[in-house]
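Summary of the model geometry
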Amino acid sequence: MSTGRDPGLQAERTRLAWRRTLLTVTVVTALAVRLASAGGPVGALVAGITVLLWGALLVLCWPRSTGTGSARTGGRTLPLVALGTAVLALLGVLLVLR
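Before going into details, it helps to say that this report is about the structure given with it.

Focus: the overall build of the protein
A count of helical and extended segments in the protein gives three helices and zero strands. Going from N to C terminus, the protein has its helices and strands arranged as α-α-α. For the protein, with 98 residues in total, the buried portion stands at 20%. The long-range share in the protein, meaning contacts at least 24 apart out of those at least 6 apart in sequence, stands at 70%.

What follows is the structure in structure tokens.
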């Protein structure tokens, strides 16, 4: 009986999940910028915030999506991604309601 751990395809599934997250955030950012482009100064502000959030989430998720990042981040990555996603959702609601 082997005492070593066999991760199987767990690492690949994790990388693919982070890539899907990045793809989703990229599409949401593109749609938000498109919606905000006709909104004048408020739309420009929302588009700018959305692009900044996209950049921050890209920096957080990219190492994990490529497998080059450490799996041990002290548990900070997931809460920050969740916070960024919640802010993007609020900005989307703001865009729809204006």
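Considerations on a nonpolar patch on the surface
Taken together, the side chains of Leu23, Val27 and Leu31 present a nonpolar region at the surface, about 290 Å² in accessible area. Within the secondary structure layout, leucine 31 lies in helix 1 (residues 10-36).

Focus: the nonpolar core
Leu57, Cys61, Val81, Leu88 and Leu95 are the most contacted members of the largest nonpolar core, which has 14 residues in total. Those residues in contact with leucine 95 that sit more than four places away from it in its chain are Ala32, Leu35, Ala36 and Val46.

Side note on the side chain of threonine 50
Along the chain, threonine 50 turns up in helix 2 (residues 40-66). What makes threonine 50 buried here is its relative accessible area of 1%. In this structure the side chain of threonine 50 is engaged in a polar contact, spanning 2.7 Å, whose partner is the backbone oxygen of valine 46. Beyond its immediate chain neighbours, meaning those up to four positions away, threonine 50 contacts Thr29, Ala32, Leu88 and Leu91.

Observations concerning the packing of helix 2 against helix 3 (residues 77-97)
Packing of helix 2 against helix 3 brings their axes to within 10 Å, and their N-to-C directions diverge by 155°. One element, helix 2, and the other, helix 3, form an angle in the roughly antiparallel class. Crossing of helix 2 against helix 3: the hand is left-handed. On helix 3, the residues that touch Val46, Ile49, Thr50, Leu53, Leu57, Leu60, Cys61 and Arg64 of helix 2 are Thr77, Leu80, Val81, Gly84, Val87, Leu88, Leu91, Leu94 and Leu95. The class makeup of the residues in the contact of helix 2 with helix 3 is 13 nonpolar, three polar and one charged.

Observations concerning helix 1
The terminal C-alpha atoms of helix 1 lie 39 Å apart, and with 27 residues this matches the ideal 39 Å at 1.5 Å per residue to within 8%. Among the residues of helix 1, those classed as buried are Trp18, Leu22, Val25, Thr29, Ala32 and Ala36. Tucked inside the fold, the buried residues of helix 1 contact helix 2 and helix 3.

Conventions we followed
- Residues numbered from 1 in each chain as written.
- Predicted model: local features only at pLDDT ≥ 70, side-chain atom pairs only at ≥ 80, totals over all residues.
- Heavy atoms only, no water.
- Helix = DSSP H or I, 4+ residues; strand = E, 2+ residues; numbered from the N terminus.
- Buried < 20%, exposed > 50% of the residue type's maximum accessible area, 1.4 Å probe, protein only.
- Contact = heavy atoms within 4.5 Å.
- Patch = residues over 30% accessible without salt bridge, like charges linked within 9 Å, V, L, I, M, F, W, Y side chains within 5 Å.
- Areas by Shrake-Rupley, 256 points an atom, 1.4 Å probe, with all protein chains shown as cover.
- Salt bridge = Lys/Arg side-chain N within 4 Å of Asp/Glu carboxyl O.
- Core = buried A, V, L, I, M, F, W, Y, C linked by side-chain atoms within 4.5 Å.
- Polar contact = N/O pair within 3.5 Å; in protein donor to acceptor, adjacent residues only side chain to side chain.
- Axes fitted to C-alpha atoms, helices over the stretch in contact; angles between N-to-C directions.
- Parallel < 35°, antiparallel > 145°, perpendicular 65-115°, else oblique.
- Left-handed = near helix turned anticlockwise from the far one by under 90°.
- Nonpolar A, V, L, I, M, F, W, Y, C, P; charged D, E, K, R; others polar.
- Expected span 1.5 Å × (residues − 1).

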